[in-house]
Amino acid sequence: MEKIYLVRHCEANGQDPDAQMTTRDSEQAESLARFFSWIEVDTIVSSPWRRAIDSITPTAEVRGMKVLTDGRLAERRLSRKPVQNWLEKLNQSFHDPDFSLPGGESGREARERGLAVIRDLQQKQERSTIVVTHGNLLVLLLQSFDSGYGFEDWAQLSNPDVFEIDLKKLTVRRVWHALGY
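Residues numbered from 1 in each chain as written. Predicted model: local features only at pLDDT ≥ 70, side-chain atom pairs only at ≥ 80, totals over all residues. Heavy atoms only, no water.

### Observations concerning the side chain of Arg113
Following the sequence through the fold, Arg113 ends up in helix α4 (residues 107–122). Residue class for Arg113 comes out buried when judged on its relative accessible area of 18%. Polar side-chain contacts of Arg113 include one of 2.8 Å to the backbone oxygen of Ala74. Those residues in contact with Arg113 that sit more than four places away from it in its chain are Gly71, Arg72, Leu73, Ala74, Glu75, Arg76, Glu105 and Leu137. (Helix = DSSP H or I, 4+ residues; strand = E, 2+ residues; numbered from the N terminus. Buried < 20%, exposed > 50% of the residue type's maximum accessible area, 1.4 Å probe, protein only. Polar contact = N/O pair within 3.5 Å; in protein donor to acceptor, adjacent residues only side chain to side chain. Contact = heavy atoms within 4.5 Å.)

Right, here's the structure in full:
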């Protein structure tokens, strides 16, 4: 494995696993397909959540590829119950990787399950993979390759967003906005 394209899903109507894409989201998914049309990709792996799969399906269809799903790419659960000051708690979790709320998952736990997917992918013969996930988990994964990523980067993410991780050079580069998308 040489490169991983880490993708945040397109816009959706809500945060539930079955939340549907917005009308604009369908256009964004088509933009992702155009974006990836010039990039060599061997495999596509996605969170099983509907908005992630729907975001990358046009790319897979254009390439004649199947979208593989992996539950370890699902979004991090911050808490079992809604939290009024969730942004403050999310920020705290980026500064303290072991912080978790009742019924929630720490940043370290979420990052480790996401990294397990990447380690599994590195064992395969493919050179380039698209990995589709959610904003919180995406930034936690980016931290594994560049410790400078954190809450502020999460707050600046777009729907969709794409980062290129070069596993040979161990570099991270945001490519979605850099290429005018």
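We are not done yet, so read on.
### Describing the sheet that holds strand β2 (residues 43–46)
Pairing is mixed in the open sheet, where six strands are placed in the order β3-β2-β4-β1-β5-β6. Edge positions in the sheet fall to β3 (67–69) and β6 (171–174), since each of these pairs with one other strand and no more. Shown here is a sheet whose adjacent strand axes are inclined to one another by a mean of 25 degrees, direction ignored. Pairing of strand β5 (residues 161–166) with β6 involves four bridges; the strand directions are antiparallel. By the bridge assignment, Asp166 is partnered in β6 with Thr171. Against the sheet, helix α5 (residues 135–145) contacts β1 (3–8), β4 (128–133), β5 and β6, and its axis sits at roughly 150 degrees relative to β1. (Pairing = 2+ DSSP bridges. Axes fitted to C-alpha atoms, helices over the stretch in contact; angles between N-to-C directions.)

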